Amino acid sequence: MMTAGDPDTDQLLDRAGQGDLLACQQLLLRHRRRLRQMIALRMDRRLAARMDASDVVQETLAEAIRRLPAYLRDRPLPFYPWLRQLAIDRLTDLHRRHVQAQKRSVRREERRVPTLSGESALELAGRLFARGSSPSARLRREELRGRVQTALARLAEPDRELLVLRHLEQLPARDIAAVLGITEGAVYTRHLRALRRLHDLLGDELGGEEP
Amino acid sequence: MNPSLGAPERTGSEDQALGVLVEELTARLQAGEPVDVQAFIRGHPEHAAELRQLLPALHVLADLGHSADGDATAAGRPTVAAADVMGTLGDFRIVREIGRGGMGVVYEAVQISLGRRVALKVLPFAGRWIPSSCSASKTSPRRRPGCTTPTSCRSTSWAASAECTSMPCSSSRARPSPP
């Protein structure tokens, strides 16, 4: 998986900064799949009923093309975290317009914009454990799904967000550090802390899972 | 470090060292690399107890990650036999030509990164990377996301190396509006 720190990405950024249009396109295209996966994970179910994650990806990439020259001048973040932030902003905006506007229109109580991971993480386990091969494997996964779902729901938001970033989005520590605005060392210790808390919630039940 | 699993007393530096080990294990598991867990633990006896304790959760999370990755490329996406492919253009595998007009050509294609079938409109003025010049292509047609007929779908992509737009299609036989 490509990350913002890959030499290839850095080379492409340098070429893009020199006006290489093909490099610009390659930069955006190489992260499209990761971006779609991230959006699909975090997209509110009500929003997902109205549009596909691929549409959000395309709109994000169109915005990225528009903003790329400014990014190349300043490079405030590694490339993928920057691109991801554009997608999060787009998703938040869509949520506000489509979901919250709908709530207002029916005069329901208006809430703050939900943290994307906070709301959708509760459904993550359900979505992610949906696959399975044999009936017994599916049954086992089904049992595990319930446990993980409960544990994720009980985790504090910072712990859950760290696990989502590291294990579901599979961002490397360097990118997580950029996304959260903390050091790489802090990512390691927060990851460890989140794992301990997840273990505390799951520990005994996962005893049989240990290889 | 107190190896007691109930209430271990840890220092910041011990946590930092253990965090680095956990990160190494995570990266290897995510890469699908076979990990000799026992050998790994033997190599770090000072953290053996807690590594053993955290491994099940790490495995579950690695499985979650792989499932997520698999879902992103799961079945249900259109596949095209190699023999049917006319060639590639950027992120698009061109399947066949489905329309031609004065301003360009429309192809049935598969968007490789997303694995979906699209109608691809290619304009003959490749190489001009001027967003404003593509505005008409980007906005026409634009009525609703997704589509059952290409005449009522929205443009969802455009490439910098060649002026083109793509529209997700559910019917490869339906004909789009003239480019």
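On a predicted model such as this, the values are computed, not experimentally measured, just so you know.

Definitions and limits used
Residues numbered from 1 in each chain as written. Chains lettered and ligands numbered in written order. Predicted model: local features only at pLDDT ≥ 70, side-chain atom pairs only at ≥ 80, totals over all residues. Helix = DSSP H or I, 4+ residues; strand = E, 2+ residues; numbered from the N terminus. Buried ≥ 20, exposed ≤ 12 C-beta atoms within 10 Å, placed from the backbone. Contact = placed C-beta atoms within 7 Å. pLDDT = per-residue confidence, 0-100. Pairing = 2+ DSSP bridges. Axes fitted to C-alpha atoms, helices over the stretch in contact; angles between N-to-C directions. Parallel < 35°, antiparallel > 145°, perpendicular 65-115°, else oblique. Nonpolar A, V, L, I, M, F, W, Y, C, P; charged D, E, K, R; others polar.

**Remarks on the overall build of chain B**
Reasoning step 1: Scanning chain B for helices and strands turns up 4 helices and 6 strands.
Reasoning step 2: Mapped in sequence order, the helices and strands of chain B form the string α-α-α-β-β-β-β-α-β-β.
Reasoning step 3: Among the 179 residues that make up chain B, the fraction classed as buried is 34%.
Reasoning step 4: The contacts in chain B between residues at least 6 apart in sequence include a share of 43% that link residues at least 24 apart.

**Some words on the environment of A:Pro172**
Residues and elements named next belong to chain A.
Reasoning step 1: Relative to the helices and strands, proline 172 is located in the loop between helix H9 (157–168) and helix H10 (173–180).
Reasoning step 2: For proline 172, a count of 23 C-beta atoms within 10 Å gives the class buried.
Reasoning step 3: Along the sequence, proline 172 and glutamate 184 sit 12 residues apart, while their C-alpha atoms lie 9.5 Å from each other.

**Comments concerning the confidence of the model for chain A**
Residue and element names in this part refer to chain A.
Reasoning step 1: In this model, chain A carries a mean pLDDT of 78, and residues with pLDDT of at least 70 account for 73%.
Reasoning step 2: Ranking the elements of chain A by mean pLDDT puts helix H7 (residues 116–128) last with 50 and H10 first with 94.
Reasoning step 3: Contacts for the low-pLDDT stretch residues 1–5, under 50 throughout, to residues beyond four places or in other chains number 15 contacts.
Reasoning step 4: Below a pLDDT of 50 lies the segment residues 106–119, which in the model reaches 19 contacts outside its immediate sequence neighbourhood of four places, other chains included.

**Regarding H9(A)**
Each α-helix winds once per 3.6 residues, and so residues spaced three or four apart point in a common direction.
All names here are of chain A.
Reasoning step 1: For H9, the buried fraction is high: 9 of the 12 residues fall into the buried class.
Reasoning step 2: What H9 keeps buried is the set Arg160, Glu161, Leu162, Leu163, Val164, Leu165, Arg166, His167 and Leu168.
Reasoning step 3: Of the residues flanking the end of H9, it is glutamine 170, one or two places downstream, whose phi is positive at about 55°.

**As for unusual backbone geometry**
Residue and element names in this part refer to chain A.
Reasoning step 1: The backbone phi angle of arginine 75 is positive, close to 45°, even though this residue is not glycine.
Reasoning step 2: Along the polypeptide, arginine 75 turns up in the loop between helix H5 (53–74) and helix H6 (79–105).
Reasoning step 3: A tally of 12 C-beta atoms within 10 Å means that arginine 75 is categorised as exposed.
Reasoning step 4: At glutamine 170, a position not held by glycine, the phi torsion is positive, near 55°.

**A look at the confidence of the model for chain B**
All names here are of chain B.
Reasoning step 1: Of all residues in chain B, 46% have pLDDT values of 70 or greater, and the mean over the chain is 62.
Reasoning step 2: Note on residues 70–85: pLDDT is under 50 here. Beyond four places in sequence and across chains, it has 21 contacts.
Reasoning step 3: Scored below 50 in pLDDT, residues 158–164 makes 31 contacts in the model with residues more than four places away or belonging to other chains.
Reasoning step 4: Quick note on the complex model: pTM equals 0.60, ipTM equals 0.71.

**Brief notes about the pairing of strand E3 (residues 105–111) of chain B**
All names here are of chain B.
Reasoning step 1: Burial analysis of E3 places 6 of its 7 residues in the buried class, which makes it a mostly covered element.
Reasoning step 2: Inspection of the sheet shows E3 paired to strand E4 (residues 116–122) by 7 bridges, in the antiparallel sense. Paired with valine 105 across the bridge in E4 is valine 122.
Reasoning step 3: Hairpin connection of E3 to E4: 4 residues between the antiparallel strands, including glycine 115 at a positive phi of 65°.

**Observations concerning the packing of H9(A) against helix H11 (residues 184–202) of chain A**
Residues and elements named next belong to chain A.
Reasoning step 1: Relative orientation of the contacting elements H9 and H11 amounts to 110°, with a least axis distance of 9 Å. Relative to H11, the element H9 lies roughly perpendicular. Contacts between H9 and H11 involve Asp159, Leu162, Leu163 and Arg166 on the former and, on the latter, Arg190, His191, Arg193, Ala194, Arg197 and Leu198.
Reasoning step 2: Here the residues of the contact of H9 with H11 sort into 4 nonpolar, 1 polar and 5 charged.

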